Amino acid sequence: MRQLVYISSVRKPAEVDPAVILAQSRRNNARARVTGLLFFDGKRFLQALEGDDATVDATFARIQADGRHHALVVLSNRSIEQREFGEWAMAYQAPGEDGGDPLERIGRLTANADPAVRPTFAGFAKVRRAA
């Protein structure tokens, strides 16, 4: 099994609807048996994809071809024994929105992730909270 973590920027933030992304991602990932975590802050995506090699490759290729993304950077690409994020989830907080502490939510969603991966999500949430 493989886990790939990437970050990307949104080309046109005003044209991205988090509800649509969530619905599409849940449908596509369930069909492909890909799990993980997507954090979206209104400007950037940070995502962990977990599954067999072929499905992670196909999912990431689809993401790379998606015109909403640019400046994709793979942060981690490693073999794992078992899924660390459980079922697929999305964490989103609109800029200026008070939807609770994103660090607490990320902490819960990454509780079983490898200690080398968990800080990536916590750091991303912390930067967005300060922005």
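Whatever comes next refers back to the structure up there.
Residues numbered from 1 in each chain as written. Predicted model: local features only at pLDDT ≥ 70, side-chain atom pairs only at ≥ 80, totals over all residues. Heavy atoms only, no water.

Draft legend 1. Spatial organisation of the side chain of Thr110. Along the chain, the position of Thr110 falls in the loop between helix 3 (102–109) and helix 4 (118–130). Apart from the residues within four sequence positions on either side, Thr110 is in contact with Leu37, Phe85, Arg118 and Phe121. (Helix = DSSP H or I, 4+ residues; strand = E, 2+ residues; numbered from the N terminus. Contact = heavy atoms within 4.5 Å.)

Draft legend 2. Highlighting the packing of aromatic side chains. The tally for this structure, following the rule as stated, stands at 3 aromatic pairs. Both rings, one in Tyr6 and one in Phe60, keep their centres 5.4 Å apart while their planes meet at 55°; by these two values the pair is tilted. Highlighted residues: Tyr6 in strand 1 (residues 2–10) and Phe60 in helix 2 (residues 53–65), separated in sequence by 54 residues. The pair Tyr6 / Phe60 is uniform in exposure class, with both members buried. (Phe/Tyr/Trp six-rings, centres within 6.5 Å; stacked < 30°, edge-to-face > 60°. Buried < 20%, exposed > 50% of the residue type's maximum accessible area, 1.4 Å probe, protein only.)

Draft legend 3. Region of the structure containing the layout of surface pockets. Volume-wise, the largest pocket comes out at about 230 Å³. Lining of the largest pocket is provided by 15 residues; of these, Ser25, Ile63, Asp66, Arg68 and His69 occupy positions nearest its centre. For the lining of the largest pocket, the elements supplying multiple residues, two or more each, are helix 1 (18–32), strand 3 (44–51) and helix 2. Counted by class, the lining of the largest pocket contains 5 nonpolar, 7 polar and 3 charged residues. (1 Å grid on protein atoms, 1.4 Å probe; cavity = no way out; pocket = protein on both sides within 12 Å on 5 of 7 lines; lining within 4 Å. Points joined across faces, edges and corners; volume = space filled by probe spheres on them. Nonpolar A, V, L, I, M, F, W, Y, C, P; charged D, E, K, R; others polar.)

Draft legend 4. A look at the pairing of strand 3. Within strand 3, 7 of the 8 residues are buried, which leaves it mostly tucked inside the rest of the structure. With 8 bridges connecting them, strand 1 and strand 3 associate as antiparallel partners. When the sheet's bridge partners are listed, Ile7 is paired in strand 3 with Leu46. Direction of pairing for strand 2 (residues 35–40) relative to strand 3: antiparallel, over a ladder of 6 bridges. Following the sheet pairing, Leu37 is matched in strand 3 by Ala48. Hairpin connection, strand 2 to strand 3: the antiparallel pair is bridged by 3 residues, and Gly42 has positive phi, about 100°. (Pairing = 2+ DSSP bridges.)

Draft legend 5. Expanded view of the environment of Leu46. Position of Leu46 relative to the elements: it lies in strand 3. Sequence-distant contacts of Leu46, that is, excluding residues within four places in its chain, are made with Val5, Tyr6, Ile7, Leu37, Leu38, Phe39, Leu75, Thr120, Phe121 and Phe124.

Draft legend 6. Representation of the environment of Val74 in the model. Looking at the secondary structure, you find Val74 in strand 4 (residues 69–79). The sequence separation of Val74 and Val5 amounts to 69 residues, and the corresponding C-alpha distance is 6.0 Å. Those residues in contact with Val74 that sit more than four places away from it in its chain are Leu4, Val5, Tyr6 and Phe60.

Draft legend 7. A look at the pairing of strand 1. Along strand 1, 8 of the 9 residues are buried, which leaves the element largely enclosed by surrounding structure. Relative to strand 4, strand 1 runs antiparallel, the two sharing 8 bridges. Directly across from Leu4, in strand 4, lies its bridge partner Asn77.

Draft legend 8. Representation of the environment of Ala58 in the model. Of note, Ala58 is situated in helix 2. Here Ala58 falls in the partly exposed class, since its relative accessible area comes to 46%. Spatially, the C-alpha atoms of Ala58 and Ala32 are 8.9 Å apart, while their sequence positions differ by 26 residues.

So yeah, pure geometry; function would need other evidence.
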